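Residue-level listing of the chains:
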Amino acid sequence: MSQEFPQEFPQGGRMALHEVYQEIMSRAPEHDFDPSLDSMAMVLDFLGHPEKSFRVIHVTGTNGKGSTSYMAESLCRAYGLRTGLYTSPHIQSVTERISIDGQHVSDEQFVDLYYQVKDFIDMADQRSIESGGPRMSFFEVLTAMAVWAFADAPVDVAVVEVGMGGTWDATNVLDADAAVIGPVDMDHMQWLGDSVEQIASEKAGIIKQGSAVIVGPQEHASVMPVIEEAAARAGAVSVQRDGREINVVERMPAVGGQLATLQTGNGIYRDIPISAFGRYQAHNAVAALAAAETVIPISGQLDTDVVSQALQTVRIPGRVEIIRSSPTIILDGGHNIQAVGAVRDAIEENFDFRQLIGVVSMMKDKDAESVLGIMEPILEKLIVTQNSWGSRVMPADELESIAVGVFGPDRVIRQDSLPDAIQQAVDLVDSDDDLGVGYGHGILVFGSFVTVGDARTLLEERPGEQLERAMSLHDTHNASSASRASDEDPLAGYLQEVMHDGLTDTDYYEPDFDGPVPGHGNRQADPGKGDN
């Protein structure tokens, strides 16, 4: 039921995508700001208030907001509404952040969008600087581009994921028809506060007068009163809380995800297929469903068949994402304790691995010991490595030292490059696979969205004859694979080629970091854009 992406964008952009990206990323990161939405409001005023032309589902939370956003967009689109989706971080290309009717904008459309808003951004910058303020941040510029794209399409509803927090996030110039607050936990304390109550208060800032508030399951009892008080103060029309007004009645694992019975204030939706793994994704689904009910112009319960189609076909990149089979290769960008715990639960519930090899690369500022401690019981061996973000990534030798303390020296292998790490993981699986079919054997790549982006590029983006040849070595179960040197192996050669030749043209963000990446001047970090 989705429509073609609109072709009204003007042609003849003067810069290529990577040049536009460099220009945007030269700006301050999102956390380097005085708490103010003045510049965002000014740009929208210059543009004629495009944000007033569509309904809004606004999504925040410590974990799960990206998945919930994808699900809500899919539900609205399945009902024939024109949809906009704004998410972060991107995994492979900045164009992933802005979608119309389920399609990412193209490189050319992204460039055109930038030119359409650039003069107004320059005007806002000038006025801010004249009054002693900063230029707009990179995330503010991207948000302005998204809002303009949605109005220009035009869309009926925009699903917008908060970058970090809520109150002072650039997206909070929007007035939410449905304000979704997922699980709230301790994260980004240097910006949001050092207690879960302070963090909840910041996230509850997306609630506006007339908003329908949907609240996900909360581990901390003190969070709900903060949100309820904020909703009353703002004049919200309703508060729907997971476990009270909305519920996951029952659920069971199924092929490709799960079946769940979901309950909202409008009724019960029985045996809904959800193409995402894990209990937490069922709770994300019921939150998305309640939000969609708010903006879809239908009285009462939605059609169960349409809901099933929407949640069965939604694809959420980098979240327990199966990118290859035989052997099964799973990618997940979770990098905090709550997210990684959910990943482990999903794997234990949905997969029957006799052998699971971990490939991990994390950032320097993450709690690697706790993350690895959560994953240790399900991994036979762990290969520590480094992703492409050289200035930010935890060195492999440092991560190795932490991993040895968790796994013991016999279960930890160090490979300084991700291509070699993936190759060794495949070799380990090959050597233990007597039947040569890959059943019961798997590889989990985790620890960072940058790591996931690298791995996706390596394994998915350029599947030419060389990669097909290399992967066929596994399929035919070459018994000597474990002893092959990586520089002689076709798969390792392919991965090395892509890492060296392709990544300079591929852009990622890793939450909680700012600054240029040496050798990759077109990449700057995107703070606080994490998901489960």
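On a predicted model such as this, the values are computed, not experimentally measured, just so you know. (Residues numbered from 1 in each chain as written. Predicted model: local features only at pLDDT ≥ 70, side-chain atom pairs only at ≥ 80, totals over all residues. Heavy atoms only, no water.)

S.K.: Any chance you could break down helix 1 (residues 17–25) for me, citing the residues and the numbers?
M.R.: When we look at burial in helix 1, the residues that qualify are Leu-17, Val-20, Tyr-21, Ile-24 and Met-25. Buried residues along helix 1 cover an arc of 130° about the axis, so they all sit on one side. (Buried < 20%, exposed > 50% of the residue type's maximum accessible area, 1.4 Å probe, protein only. Helix = DSSP H or I, 4+ residues; strand = E, 2+ residues; numbered from the N terminus. Arc of directions from axis to C-beta.)

S.K.: How would you explain the sheet that holds strand 11 (residues 267–274) if you had to name every residue and give the values?
M.R.: Here three strands make up an open sheet; going across it, the order is 9-10-11 and the pairing antiparallel. With partners counted over all chains shown, the strands left at the sheet margins are strand 9 (247–254) and strand 11, one partner each. Across the sheet, the mean angle from the axis of one strand to that of its neighbour is 15°, orientation sign disregarded. Pairing analysis gives six bridges linking strand 10 (residues 257–264) to strand 11, with the strands arranged antiparallel. Opposite Thr-264, over in strand 11, you have Gly-267 as the bridge partner. (Pairing = 2+ DSSP bridges. Axes fitted to C-alpha atoms, helices over the stretch in contact; angles between N-to-C directions.)

S.K.: Outline helix 7 (residues 196–203), listing residues and values.
M.R.: All buried positions along helix 7 are accounted for by Val-196, Ile-199, Ala-200 and Lys-203. On an axial view of helix 7, the arc spanned by its buried residues comes to 100°, and they lie on one face.

S.K.: Residues and numbers for the nonpolar core, please.
M.R.: Soluble globular proteins: nonpolar side chains tend toward being buried together. With 44 residues, the main nonpolar core has Ile-24, Ile-98, Phe-110, Leu-142, Met-145 and Phe-150 as its most contacted residues. Elements represented by at least two residues in this core include exactly helix 1, helix 2 (38–46), strand 3 (98–100), helix 4 (107–130), helix 5 (138–152) and strand 5 (157–161). In this view, Ile-98 contacts Leu-85, Tyr-86, Gln-103, His-104, Val-105, Phe-110, Leu-113, Leu-142, Met-145, Ala-146, Ala-149 and Phe-150; residues no more than four positions away in its chain are not counted. By size, the runner-up hydrophobic cluster in this structure holds 40 residues, among which are Leu-81, Val-157, Val-180 and Ile-272. (Core = buried A, V, L, I, M, F, W, Y, C linked by side-chain atoms within 4.5 Å. Contact = heavy atoms within 4.5 Å.)

S.K.: Describe the confidence of the model for the protein, and please don't skip the residues or the numbers.
M.R.: The pLDDT averaged across the protein works out to 85; a share of 81% of its residues lies at or above 70. Here residues 463–532 is a poorly scored stretch, pLDDT under 50, and it has 228 contacts once near neighbours within four places are set aside; other chains count. (pLDDT = per-residue confidence, 0-100.)

S.K.: Quick one: what's the story with the sheet that holds strand 16 (residues 412–414), residue by residue and with numbers?
M.R.: Reading across from one edge, 12-13-17-14-15-16 is the order of the six strands in this open sheet, with mixed pairing throughout. Whereas interior strands pair on both sides, the edge strands pair on one side only; in this sheet they are strand 12 (321–324) and strand 16. Each neighbouring strand pair of the sheet contributes to a mean axis angle of 25°, computed without reference to strand direction. The pairing of strand 13 (residues 328–332) with strand 17 (residues 441–446) spans five bridges and is classified as parallel. Bridge assignment links Thr-328 to a residue of strand 17, and that residue is Gly-442. Contacts from helix 12 (residues 368–375) reach strand 14 (355–360), strand 15 (381–384) and strand 17, with the element oriented near 160° to strand 17. Against the sheet, helix 14 (residues 418–432) touches strand 14, strand 15, strand 16 and strand 17, its axis set at about 170° to strand 14.

S.K.: Any chance you could break down the packing of helix 4 against helix 5 for me, citing the residues and the numbers?
M.R.: Look at helix 4 against helix 5: their axes get within 9 Å of each other, and the N-to-C directions meet at 110°. By the angle between their directions, the pair helix 4 and helix 5 is classed as roughly perpendicular. Read as a crossing pair, helix 4 and helix 5 show a hand that is right-handed. On the side of helix 4, the interface is formed by Phe-110, Leu-113, Tyr-114, Gln-116, Val-117 and Ile-121, while helix 5 contributes Val-141, Leu-142, Ala-144, Met-145, Trp-148 and Ala-149. Split by residue class, the contact of helix 4 with helix 5 holds 11 nonpolar, one polar and no charged. (Parallel < 35°, antiparallel > 145°, perpendicular 65-115°, else oblique. Left-handed = near helix turned anticlockwise from the far one by under 90°. Nonpolar A, V, L, I, M, F, W, Y, C, P; charged D, E, K, R; others polar.)

S.K.: Pulling in residues and values, what's your account of the packing of aromatic side chains?
M.R.: Counting across every chain of the model gives five aromatic pairs. With a centroid separation of 6.1 Å and an interplanar angle of 65°, the aromatic rings of Tyr-114 and Tyr-115 are classed as edge-to-face. We classify Tyr-115 as buried; its relative accessible area is 18%. Put simply, the rings of Phe-277, Phe-351 and Phe-353 pair up and form one aromatic cluster. (Phe/Tyr/Trp six-rings, centres within 6.5 Å; stacked < 30°, edge-to-face > 60°.)

S.K.: Before we move on, could you go through the pattern of salt bridges and cite the residues and values that matter?
M.R.: Taken as a whole and assessed by the stated rule, the structure comprises 17 salt bridges. Note that Arg-82 and Asp-101 form a salt bridge whose closest N and O atoms lie 2.8 Å from each other. Taken as a pair, Arg-82 in the loop between helix 3 (65–78) and strand 2 (83–86) and Asp-101 in the loop between strand 3 and strand 4 (103–104) lie far apart in primary sequence, 19 residues in all. Each member of the pair Arg-82 and Asp-101 is classed as buried. Across the pair Arg-411 and Glu-376 runs a salt bridge, and its minimum N-O distance is 2.6 Å. On the criterion of sequence distance, the pair formed by Arg-411 in the loop between helix 13 (396–407) and strand 16 and Glu-376 in the loop between helix 12 and strand 15 is long-range, its members being 35 residues apart. Here Arg-411 falls in the partly exposed class, since its relative accessible area comes to 21%. (Salt bridge = Lys/Arg side-chain N within 4 Å of Asp/Glu carboxyl O.)

S.K.: Any details on the environment of Gln-218? Residues and values, ideally.
M.R.: Secondary-structure assignment places Gln-218 in the loop between strand 7 (212–215) and helix 8 (223–234). Residue classification places Gln-218 among the buried positions, given a relative accessible area of 19%. It is 9.4 Å that separates the C-alpha atoms of Gln-218 and Arg-241, two residues lying 23 residues apart in sequence. Sequence-distant contacts of Gln-218, defined by excluding residues within four places in its chain, comprise Ile-181, Gly-182, Pro-183, Val-184, Val-223 and Met-224. At 3.0 Å, the side chain of Gln-218 forms a polar contact with the backbone oxygen of Gly-182. Among the polar contacts made by the side chain of Gln-218, one reaches the main-chain carbonyl oxygen of Gly-216 at a distance of 3.1 Å. (Polar contact = N/O pair within 3.5 Å; in protein donor to acceptor, adjacent residues only side chain to side chain.)

S.K.: Could you give me a rundown of the side chain of Glu-293, with the residues and numbers involved?
M.R.: Among the structural elements, Glu-293 can be located in helix 9 (residues 279–295). Within the buried core, Glu-293 has no salt-bridge partner, and the shortest N-O distance to an opposite charge, that of Arg-55, equals 12 Å. If we skip the residues at most four places from it in the chain, Glu-293 touches Thr-264, Asn-266, Tyr-269 and Leu-302. (Lys, Arg positive; Asp, Glu negative; His and termini not counted.)

S.K.: Run through the pairing of strand 2, naming residues and quoting values.
M.R.: Regular strands place side chains that alternate from one sheet face to the opposite one. Covered by surrounding structure in strand 2 are Thr-83 and Leu-85 together with Gly-84 and Tyr-86, the residues of both alternating faces. Inspection of the sheet shows strand 2 paired to strand 5 by four bridges, in the parallel sense. Within strand 5, the residue paired with Gly-84 across the bridge is Ala-158. As paired elements, strand 2 and strand 3 share three bridges and run antiparallel to each other. Across the sheet, Tyr-86 pairs through a bridge with Ile-98, a residue of strand 3.

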